[in-house]
Amino acid sequence: MVLVLDRPFVHRVRMVTGKDGNPLNEVEILCDSLMNNNGILGDSTVIKLVPEESVVKLRVGDPIRLTADQFERLAGAFFAEIEQKFL
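Residues numbered from 1 in each chain as written. Predicted model: local features only at pLDDT ≥ 70, side-chain atom pairs only at ≥ 80, totals over all residues. Heavy atoms only, no water.

Undergrad: Before we go on, may I ask you to explain the overall build of the protein chain in this structure?
TA: Along its length, the protein chain carries 4 helices and 0 strands. In the protein chain, the order of α-helices and β-strands from amino to carboxyl end is α-α-α-α. Evaluated residue by residue, the protein chain yields a buried proportion of 38% over its 87 residues. Long-range contacts, defined as pairs at least 24 residues apart, comprise 54% of the intrachain contacts of the protein chain with a sequence gap of at least 6. (Helix = DSSP H or I, 4+ residues; strand = E, 2+ residues; numbered from the N terminus. Buried < 20%, exposed > 50% of the residue type's maximum accessible area, 1.4 Å probe, protein only. Contact = heavy atoms within 4.5 Å.)

Pasting the structure below:
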């Protein structure tokens, strides 16, 4: 389901989404890790994701296995960030 959140925004503009660990960028890192790092959270040289400040609190090297509650919080934060930045 995380991949479904991200796919419409694949061509995001970094100037708008920024380089911080906001929910849009958190979803981007999660998706990249699911597709290209065998489902293990990878590091980004561009986005600064701080686990303690993120929605799902995963650290680099953690397997990505979200609970329904984690996904619901992530999706809510993701859509709230879209509204803030794009509407």
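Anyway, onward from the coordinates.
Undergrad: What should I look at first to understand the packing of aromatic side chains in this one?
TA: Each aromatic ring pair is specified by the distance between its two centres and by the angle formed by the two planes. This model, assessed by the stated rule, comprises 1 aromatic pair. Aromatic pair Phe78 and Phe79: ring centres 5.5 Å apart, planes at 80 degrees, arrangement edge-to-face. (Phe/Tyr/Trp six-rings, centres within 6.5 Å; stacked < 30°, edge-to-face > 60°.)

Undergrad: Which parts of the structure should I look at to understand a nonpolar patch on the surface?
TA: On the surface, Leu3, Leu34 and Met35 cluster together into a nonpolar patch covering about 230 Å² of accessible area. Checked against the element boundaries, Leu3 lands in helix H1 (residues 2-6). (Patch = residues over 30% accessible without salt bridge, like charges linked within 9 Å, V, L, I, M, F, W, Y side chains within 5 Å. Areas by Shrake-Rupley, 256 points an atom, 1.4 Å probe, with all protein chains shown as cover. Salt bridge = Lys/Arg side-chain N within 4 Å of Asp/Glu carboxyl O.)

Undergrad: Even after reading the chapter, I still don't get the pattern of salt bridges, so can you show me in this structure?
TA: Two side chains carrying opposite charge are able to pair once their charged atoms lie near each other. Counting across every chain of the model gives 3 salt bridges. Measuring nitrogen to oxygen at the nearest pair gives 2.5 Å for the salt bridge that ties Arg59 to Glu52. Between Lys85 and Glu81 there is a salt bridge; the shortest N-O distance is 3.3 Å. In this pair, Lys85 and Glu81 are both assigned in helix H4 (residues 68-86), 4 residues apart and thus about one turn of the helix distant.

Undergrad: Sorry, what's going on with the environment of Arg59 here?
TA: Along the polypeptide, Arg59 turns up in the loop between helix H3 (23-36) and H4. Overall, Arg59 belongs to the partly exposed group, its relative accessible area being 43%. Not counting residues within four places of it along the chain, the set of residues in contact with Arg59 comprises Leu41, Pro51 and Glu52. Among the polar contacts listed, one links the side chain of Arg59 to the side chain of Glu52, at a separation of 2.5 Å. (Polar contact = N/O pair within 3.5 Å; in protein donor to acceptor, adjacent residues only side chain to side chain.)

Undergrad: Looking at this structure, I do not really get the packing of H3 against H4. What am I missing?
TA: Geometrically, a packed helix pair is captured by the angle between its two axes and the distance between the axes. It is the contact of H3 with H4, at a shortest axis distance of 8 Å, that shows an interaxial angle of 125 degrees. By the angle between their directions, the pair H3 and H4 is classed as oblique. Counted together, Pro23, Leu24, Glu26, Val27 and Leu30 of H3 and Leu74, Ala77, Phe78, Glu81, Ile82, Lys85 and Phe86 of H4 form the full contact between these two elements. Here the contact of H3 with H4 is composed, by residue class, of 9 nonpolar, no polar and 3 charged. (Axes fitted to C-alpha atoms, helices over the stretch in contact; angles between N-to-C directions. Parallel < 35°, antiparallel > 145°, perpendicular 65-115°, else oblique. Nonpolar A, V, L, I, M, F, W, Y, C, P; charged D, E, K, R; others polar.)

Undergrad: Is there a simple way to explain the nonpolar core in this structure?
TA: Here is a general trend for soluble globular proteins: nonpolar side chains tend to be buried in one another's company. If you look at the biggest cluster of nonpolar residues, it comprises 17 residues, and the most contacted ones within it are Val27, Leu30 and Leu74. Mapped by element, the contributors of at least two residues to this core are H1, H3 and H4. Looking at which element gives the most residues to this core, the answer is H3, with 5 residues. Among residues more than four places away in sequence, those in contact with Leu74 are Val2, Glu26, Val27, Leu30, Val55, Val56 and Leu66. (Core = buried A, V, L, I, M, F, W, Y, C linked by side-chain atoms within 4.5 Å.)

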